[in-house]
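Close look at the chain arrangement
Residues per chain, in single letters:
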Amino acid sequence: MYDYDLLVVGSANADLVIGVERRPGAGETVLGSDLAVHPGGKGANQAVAAARLGARTALLARVGDDAHGRLLLDSQRAAGVDTVGVLVGGAPTGVALITVDPSGDNSIVVSPGANGRLTPEDVRAAGCLFQGSRVVSAQLEIPLETVVEVVRSLAPGSRFVLNPSPPRPLPQEVLAACDPLIVNEHEAKVILGDSAVGDTPEDWARILLAKGPRSVVVTLGAQGALVASSEGVSRVPAVKVEAVDTTGAGDSFTAALACRLGAGESLARAAAYAARVGAATVTKQGAQASFPTAAEVAGS
């Protein structure tokens, strides 16, 4: 019935990465490593992660007609992603400036570029992709009105997964479609806003669920994750690994979760698998280059 297990609608960036001993303070200059350029962006990352896990995956995104755009297209195709929905032109390819410290933590500044030109009209023109997709995933590195149009374009019976990053308040129409809404601690607090009462992730999840999503997943880094739905709230244990670089871990988690949900798994089981995928990701440098295959996850 479906041509794709997952359609990702989102950003495609070139990641410009520099290793630093520590991140600079205001007005401070620090020396870093040689510049490394990798294909990235939350949308492109999720698509590659899903394809590496064996999912039939398509990407709807926009890149510039430039070297960074060609890098991104090549990376998608090498992973097995269908790029029929990747539009070219309109602005330079988006860029993410990333610093990574010795503990593996990162700081990121994004210049949206062509991602900001992915419009509701582009979504409507890709109707056949939505009709053929079991699960649709999105993020917020593209315009919010485009994400609203994604929700309106969902095929009957398909499932919508949203990672609201970078976070911002969401319209009720989008919240009501999320199954699940996937947030980390920072994203949860931004979306909760004045509703942010309680100090535990269980509190945040219950309040988020009351705002309209069909289900919620709160990622907790080294503490694992938490899933919440009408059936209750439960913890998903972390997978202990030595972190090298956390870039892309949230994207691989989201992609793995979306794929498993599309295959009919429960939210808790899908999140447990996604935690293993995210853990495998942080053991290697970079984003897309660090995403594991299904065989690698099975052997971990």
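Everything in this summary refers to the structure shown in the same document.

Calculation rules
- Residues numbered from 1 in each chain as written.
- Predicted model: local features only at pLDDT ≥ 70, side-chain atom pairs only at ≥ 80, totals over all residues.
- Heavy atoms only, no water.
- Salt bridge = Lys/Arg side-chain N within 4 Å of Asp/Glu carboxyl O.
- Helix = DSSP H or I, 4+ residues; strand = E, 2+ residues; numbered from the N terminus.
- Phe/Tyr/Trp six-rings, centres within 6.5 Å; stacked < 30°, edge-to-face > 60°.
- Lys NZ or Arg CZ within 6 Å of the ring centre and 35° of its normal.
- Pairing = 2+ DSSP bridges.
- Axes fitted to C-alpha atoms, helices over the stretch in contact; angles between N-to-C directions.
- Contact = heavy atoms within 4.5 Å.
- Core = buried A, V, L, I, M, F, W, Y, C linked by side-chain atoms within 4.5 Å.
- Buried < 20%, exposed > 50% of the residue type's maximum accessible area, 1.4 Å probe, protein only.
- 1 Å grid on protein atoms, 1.4 Å probe; cavity = no way out; pocket = protein on both sides within 12 Å on 5 of 7 lines; lining within 4 Å.
- Points joined across faces, edges and corners; volume = space filled by probe spheres on them.
- Nonpolar A, V, L, I, M, F, W, Y, C, P; charged D, E, K, R; others polar.
- Patch = residues over 30% accessible without salt bridge, like charges linked within 9 Å, V, L, I, M, F, W, Y side chains within 5 Å.
- Areas by Shrake-Rupley, 256 points an atom, 1.4 Å probe, with all protein chains shown as cover.
- Parallel < 35°, antiparallel > 145°, perpendicular 65-115°, else oblique.
- Left-handed = near helix turned anticlockwise from the far one by under 90°.

Taken as a whole and judged by the stated rule, the model has 13 salt bridges. Salt-bridge contacts for E121 lead to R124; the nearest nitrogen and oxygen are separated by 3.0 Å. In this pair, E121 and R124 are both assigned in helix α3 (residues 120-125), three residues apart and thus about one turn of the helix distant. The network of salt bridges with shared partners includes E121, R124 and E149.

Scanning the model with the defined rule gives zero aromatic pairs in all. The lysine or arginine in question, R260, covers the ring of Y273, its NZ or CZ lying 3.6 Å from the ring centre.

Sheet strands line up and pair through hydrogen bonds in the backbone, either parallel or antiparallel. Pairing is mixed in the open sheet, where four strands are placed in the order β3-β2-β6-β7. Each edge of the open sheet is held by one strand with a lone partner, namely β3 (36-40) and β7 (106-111). On average, each strand axis in the sheet is inclined to that of its neighbour by 25 degrees, with strand direction left out of account. Sheet topology note: the strand β2 (residues 13-19)/strand β6 (residues 94-100) ladder contains seven bridges and is parallel. Directly across from I18, in β6, lies its bridge partner T99. Against the sheet, helix α2 (residues 67-79) contacts β2, β3 and β6, and its axis sits at roughly 55 degrees relative to β3.

With 43 residues, the main nonpolar core has L6, L59, V217, F253 and L257 as its most contacted residues. For this core, the secondary-structure elements that each account for two or more residues are β1 (4-9), α1 (42-52), β4 (57-63), α2, β12 (225-229), α9 (249-262) and α10 (267-281). In contact with L257, other than residues within four places in its own chain, are P180, I182, V217, L267, A270, A271 and A274. Counting residues in each nonpolar core, the second largest holds 41 residues, with Y4, V150, L175 and V183 among its members.

With mixed pairing, the nine strands of this open sheet are ordered in space as β5-β4-β1-β8-β9-β10-β11-β12-β13. Pairing within the sheet leaves two strands with one partner each, and these edge strands are β5 (82-88) and β13 (232-236). Strand-to-strand twist of the sheet, defined as the mean angle between neighbouring strand axes without regard to direction, takes the value 15 degrees.

What follows deals with the layout of surface pockets. The probe, sized like a water molecule, is rolled over the atoms to show the empty space still left. Taken as a whole, the second largest pocket spans an internal volume of roughly 220 Å³. For the second largest pocket, the lining is made up of 16 residues, of which A228, S229, E231, L267 and A268 are closest to its centre. The set of elements that each furnish at least two residues to the lining of the second largest pocket consists of β12, β13 and α10. Of the residues assigned to the lining of the second largest pocket, the class counts are five nonpolar, six polar and five charged.

Together, I18, L35 and V37 give the surface a local cluster of nonpolar side chains, amounting to about 230 Å² of exposed area. In this structure, V37 sits in strand β3. Taking relative accessible area as the criterion, V37 reaches 39% and is therefore assigned partly exposed.

Where α1 meets α2, the axes come as close as 9 Å, and the angle between the chain directions of the two elements is 20 degrees. When the axis of α1 is compared with that of α2, the two are roughly parallel. Here α1 runs over α2; the crossing is left-handed. Contacts between α1 and α2 pair A44, A47, V48 and A51 from the former with L72, S75, Q76 and A79 from the latter.

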